[in-house]
Amino acid sequence: MPRPLGELEDAVMTRVWKWNRPVTVREVLEDLQRERSIAYTTVMTVLDNLHQKGWVRREAEGRAYRYEAVSTRAAYSAALMNEAWSQSDNPAAALVAFFGMMSEEQRQALTDAVRMVQGPDPVKPEPAPPAAPVAETPAETAGESAESSGETQGTPGESPDLPGR
């Protein structure tokens, strides 16, 4: 299970995940310098540490490296949630408490995620049509047809005429 990233590690990984391509120390440095004063060697050390921890892979390009994320931010977040949940002595209560903290937007995202994992709703089979009568009705037995008694027969599954139809 991954440890949560430190503040600077997260700032660096946020860029790597956002750009979704191999990046150089220089690119990360220039973007980070928009928010804070930071040295090239600090960014290089952070990326090297992230490489050592397995968060990024690197490929040599001349005298430098290009770094690329090994997994997505979503996978990182899922691993953190799974670790936190598995630490609970009552996982069901932990989930109930977690759901209670969610915003309406987060609950909708959860509903959508559950739907994606479960797949599409199975197609419900159509009810079988009623079986054809085997025996005659008492009126037919007495020699009276259904038509002469005022009853009408429709096709199976057909609804009777209703007012306004």
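Structure first, text after, so check above.
Residues numbered from 1 in each chain as written. Predicted model: local features only at pLDDT ≥ 70, side-chain atom pairs only at ≥ 80, totals over all residues. Heavy atoms only, no water.

(A) Quick peek at the packing of helix α1 (residues 7-19) against helix α2 (residues 25-32). At a minimum axis distance of 10 Å, the contact between α1 and α2 shows a crossing angle of 110°. Overall, the two elements α1 and α2 adopt an arrangement that is roughly perpendicular. Handedness of the crossing formed by α1 with α2: right-handed. Of the residues in α2, those touching α1 at A11, V12, R15 and W19 are E27, V28, D31 and L32. When the residues that make up the contact of α1 with α2 are grouped by side-chain class, the tally is 5 nonpolar, no polar and 3 charged. (Axes fitted to C-alpha atoms, helices over the stretch in contact; angles between N-to-C directions. Helix = DSSP H or I, 4+ residues; strand = E, 2+ residues; numbered from the N terminus. Parallel < 35°, antiparallel > 145°, perpendicular 65-115°, else oblique. Left-handed = near helix turned anticlockwise from the far one by under 90°. Contact = heavy atoms within 4.5 Å. Nonpolar A, V, L, I, M, F, W, Y, C, P; charged D, E, K, R; others polar.)

(B) Structural context of helix α6 (residues 104-118). With 15 residues, α6 extends 21 Å between its outermost C-alpha atoms, agreeing within 8% with the 21 Å of an ideal straight helix rising 1.5 Å per residue. Of the residues trailing α6, G119 is marked for its positive phi of about 85°. (Expected span 1.5 Å × (residues − 1).)

(C) Structural context of the pattern of salt bridges. Inspection of every chain in the model, using the stated rule, returns 13 salt bridges. The partner of R15 in a salt bridge is D31, with the nearest N and O atoms 2.7 Å apart. One end of the pair, R15, is in helix α1; the other, D31, is in helix α2, with 16 residues separating them in the sequence. Of the charged contacts in the structure, one is a salt bridge between R115 and D112, with a shortest N-O distance of 3.4 Å. One end of the pair is R115 and the other is D112, both in helix α6 and 3 residues apart, which spans about a single turn. (Salt bridge = Lys/Arg side-chain N within 4 Å of Asp/Glu carboxyl O.)

That's the geometry; what it means functionally is another story.
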